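A closer look at the structure
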Amino acid sequence: MALSFSLAIDKMKAPAAGRAEGHNVRLHPTESQLRKEAWFTPEGRHQVKPWRSELLEKSKVLAKRKDAVHAIQFVIQLGNQTDWRDEPEPDFPEGRPIDIADQMNCAARGVREWAVKEFGEDNIVGIDLHTDESSPHFHVVVTPIKDGKLQAKAWLDGSSRVAALRKRAWQAVNVHIACEYKPGAAGGAPHDPSKAAGQMPVPAPSILDKVTGHAKAKKLERENAALREENDQLKQALFSRQKGRYSADLLEKTKQAELAAEIAQKALGAAKQELLSLKWDAGQTVKQLETQIGKQGAEITKLKGYNRQLADQNNELDEKLRELMPKKYQGPRP
């Protein structure tokens, strides 16, 4: 369930505006403070934007009437003490405060952004976070100056303008931390000391509580919550360790695959080179054979020519021999 968002508005005349510094900046103890053991932080108060008294002096100069609104104070609170504290115990009636650092840092960004956008940097007197009371909350003090004049009505004239102002403030804060806004709901009430954390009496454990171990059960619940958180942290650490181991294995396999690919690439290159060499050698061999065949062909052709010449010479010799031989030995002419 989201935290409730509340915004209380205090229109301050000159005396009230002057006194606000003492309360907001914690120049002196206040009635609403709890004992230090019950504070959310050891400091009790944190400055979101520094207090600037000179802006209140400027508003005094601009005031035309005695009852003029010199400054407006907004008290912004998320949730209530039951959201930020454990249940009251006999030895800790306020309820032990929980860690609020992350939530309040987020809320502070939203509060600061809203104030600057709504009223302008030059009109913000101060923004403070109080952590020494029942619930953490912000005090925002601004001078309602617009067009060089004090004009509180520009923001607070009528319920519709006030409602719109509250909604804009909630929207700015809700961007940074989830909170619930209910239109028409009360914006906040003055501090009531009787409702402060630790003021309501804590009933002593009854016989039934003692028998059922109610207090022990509550303690066990807190211990279980702490153990669950520790378990979550261990799971996260184990996950990160496993992730790192898997990443290392994957990196090693990747390196091995790259090395194998490099070796295969080199082998492929060598094979291609050898194939080219074989082709070149084969080409050279074919050329040599062709040349040799050509020479042999020429020799054969030459020999055939010699054969024909010899045959012709033989025929001529045969003719001459026939002419020289007596006619009785001469056979018929072919």
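Residues numbered from 1 in each chain as written. Predicted model: local features only at pLDDT ≥ 70, side-chain atom pairs only at ≥ 80, totals over all residues. Heavy atoms only, no water.

Once that is clear, we can look at the side chain of histidine 137. By the secondary structure assignment, histidine 137 is in strand E5 (residues 137-142). When its relative accessible area of 6% is taken as the criterion, histidine 137 is described as buried. Side-chain polar atoms of histidine 137 contact the side chain of glutamate 133, separated by 3.4 Å. Beyond its immediate chain neighbours, meaning those up to four positions away, histidine 137 contacts Val75, Ile76, Gln77, Asp128, Leu129 and His130. (Helix = DSSP H or I, 4+ residues; strand = E, 2+ residues; numbered from the N terminus. Buried < 20%, exposed > 50% of the residue type's maximum accessible area, 1.4 Å probe, protein only. Polar contact = N/O pair within 3.5 Å; in protein donor to acceptor, adjacent residues only side chain to side chain. Contact = heavy atoms within 4.5 Å.)

Let us look at the packing of aromatic side chains. All told, the structure shown has five aromatic pairs when counted by the stated rule. Judged by centre distance (5.4 Å) and plane angle (25°), the rings of tryptophan 170 and tyrosine 181 are stacked. One end of the pair, tryptophan 170, is in helix H6 (residues 159-174); the other, tyrosine 181, is in the loop between strand E8 (179-180) and helix H7 (207-212), and eleven residues separate them in sequence. On the basis of relative accessible area, tryptophan 170 is assigned to the buried category, the value being 18%. An aromatic cluster is present here, built from Phe74, Trp114, Phe119 and Trp155 joined pairwise through their rings. One Lys or Arg, arginine 35, reaches over the ring of phenylalanine 92 and ends 4.7 Å from the middle of that ring. (Phe/Tyr/Trp six-rings, centres within 6.5 Å; stacked < 30°, edge-to-face > 60°. Lys NZ or Arg CZ within 6 Å of the ring centre and 35° of its normal.)

Examined against the element boundaries, glutamine 171 turns out to sit in helix H6. Residue glutamine 171 is classed as partly exposed on the basis of its relative accessible area of 39%. It is 10.0 Å that separates the C-alpha atoms of glutamine 171 and valine 111, two residues lying 60 residues apart in sequence.

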